[in-house]
Structures are given as C-alpha cells and as structure tokens.
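Coordinate analysis (summary)
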Amino acid sequence: MLKAILFDLDGTLLDRDASLIKLLEDQYERYATIFHEIPKNEYIKRFVELDAKGYVSKDQVYSQLIDEFELNGTDPEELHQDYLDQFKYHCIGFEQLHITLKALTDRGLKLGIISNGRCQFQMDNIKGLEIESFFDTILISACENLRKPDPEIFNKALSQLEVTAEEAIFVGDHPLNDIKAAHNVGMKTVWKKDMHWGPAEASAVIEDLAELLELADRL
Ligand SMILES: [Mg+2]
C-alpha cells in the first residue's frame, strides 16, 4: 500500500528553467551599468548554455561570462552571491503544484523532498515556492553529506517517514540520480519527463504534476 511520495526539487517541483530566466532578467536590470553593452537576451542565452541545467558551478559560469563579455566593475563572487541571495524571489513552481501537494496530503500520504544542492539555497527556494508545510521530511545533499544517487540518502528519507521502500514512490526528472537510484533501493518511480535528460526507465511517466493524483491510486 502506498504511504509516501518523495520528490526531487529542481525540474520536478520547481520549474528551474523558468525561474532561472526570471532571476537573470532581474539581475541584468539591477546590474544594468555593468551589463549595458550586452543585449539582455544574449546574456541570458549564454548563461543558460554555460549553466548546463545547474550542473556547472555558478562561480565558473560567472567567471566565463565576465571573460567572454569583457565585463568590468564586478567579479564572479559578487554575481554568484547575488544569485544565491535573489533566486528565492523568482521561484516558479510547475502547474498545479499546490493543488497536487494538498490533494496528496489530504489522502494521508506522507511527502518528502530529496534534493542535491546547497543547504540554505535549496531551503530558501522551497520556502520561495511556499510548499515547505506540505513535507514531512526534506533532505538536501549538502546538509546530509550525502548526494543522490547514493542509496543512503533515499534510505534516510524513508526511515524518517517510517515507511519501507515498497510503500513509497520517488518522483524526479533525472534518469540516473532520481529514477535509477530510487529504483535501486526498491522504490517505484515516476519520471517527470524532461527530454534534456531522458529517456528514463520508470514505473510511470508524467508531464504534469496533477497526473500523480490518478497514479497514486494505481501504483
Ligand atoms: Mg531535478
């Protein structure tokens, strides 16, 4: 019997692509005196390329941007700190995020998040989405000294929720760090489809979070 659902954050609950663009548009405006000679869309396009869906450190991304665009009057640390401080104000959740989480908790399911990333930054973004109260456990890799796909971080979340792997589903967008890793500890898996990473071999595939409501009855 299904008792719990664990989620990845970026690309699963948080629309990171849309949130990042919103943050970068704002950053461009706030640092207008530094960026003014570069068209805004060019700055954003290059950032998104270098960022590789969040898998390249922002220090590296900003260093490269400063070099390539020959920017003066700032440094990678300043822009990176600004990114860390401001991202939470630009978080956009996927459609039906709150309605879906509420409906799942109303059914008595326990919910959790396992996210790879910085401790405070990821927690701030969860708060930015206003979803913290739906979750019984939240594990961020930097706080745990464990990262997906390490089975330990999945087992820790399951034990905090007091459920077995067979009683839980993992929902994520990354075929290896989320789907294969959760499958390896014995959980059923739902791939939040993202062809940048895919395909993935999962128990089910969804394009929208609301599809979980029907899936939760079936899996
Ligand atoms: Mg993800």
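In case you missed it, the structure is sitting above this.
A few points on the structure. (Residues numbered from 1 in each chain as written. Predicted model: local features only at pLDDT ≥ 70, side-chain atom pairs only at ≥ 80, totals over all residues. Heavy atoms only, no water.)

Time to look at the state of the cysteines. What is meant by a disulfide is a covalent connection between two cysteines, made through their sulfur atoms. Applying the stated criterion across every chain, the model contains one disulfide. Each sulfur of the disulfide joining Cys119 and Cys143 lies 1.7 Å from the other. When the S-S torsion is 135°, as for the bridge of Cys119 with Cys143, the disulfide is right-handed. With Cys119 in helix H7 (residues 119-128) and Cys143 in helix H8 (residues 141-144), the pair connects residues that are 24 residues apart, well separated along the chain. What makes Cys143 partly exposed here is its relative accessible area of 35%. No disulfide involves Cys91; its sulfur sits 16 Å from that of Cys119, the nearest cysteine. (Disulfide = S-S within 2.5 Å. Helix = DSSP H or I, 4+ residues; strand = E, 2+ residues; numbered from the N terminus. Buried < 20%, exposed > 50% of the residue type's maximum accessible area, 1.4 Å probe, protein only.)

This part covers the nonpolar core. Judged by nonpolar contacts, the single largest core of 53 residues is most densely connected at Phe7, Tyr43 and Ile131. Each of two domains, domain 1 (4-15 + 92-218) and domain 2 (16-90), supplies a minimum of three residues to this core. Filtering out sequence-adjacent residues up to four positions away, Phe7 remains in contact with Thr12, Leu13, Leu101, Leu104, Leu111, Gly112, Ile113, Ile114, Phe135, Phe170, Val171 and Leu212. Counting 18 residues, the second-largest nonpolar core is a separate cluster that includes Ile114, Ala157, Leu158 and Val185. (Core = buried A, V, L, I, M, F, W, Y, C linked by side-chain atoms within 4.5 Å. Domains from an automatic or database assignment. Contact = heavy atoms within 4.5 Å.)

In this structure the tally under the stated criterion is 12 aromatic pairs. Plain terms: the ring middles of Tyr28 and Phe35 are 5.7 Å apart, the flat faces sit at 5° to each other, and that makes the pair stacked. The same class applies to Tyr28 and to Phe35, which are both buried. Between the NZ or CZ atom of Lys192 and the centre of the ring of Phe94, over which it lies, the distance is 3.6 Å. (Phe/Tyr/Trp six-rings, centres within 6.5 Å; stacked < 30°, edge-to-face > 60°. Lys NZ or Arg CZ within 6 Å of the ring centre and 35° of its normal.)

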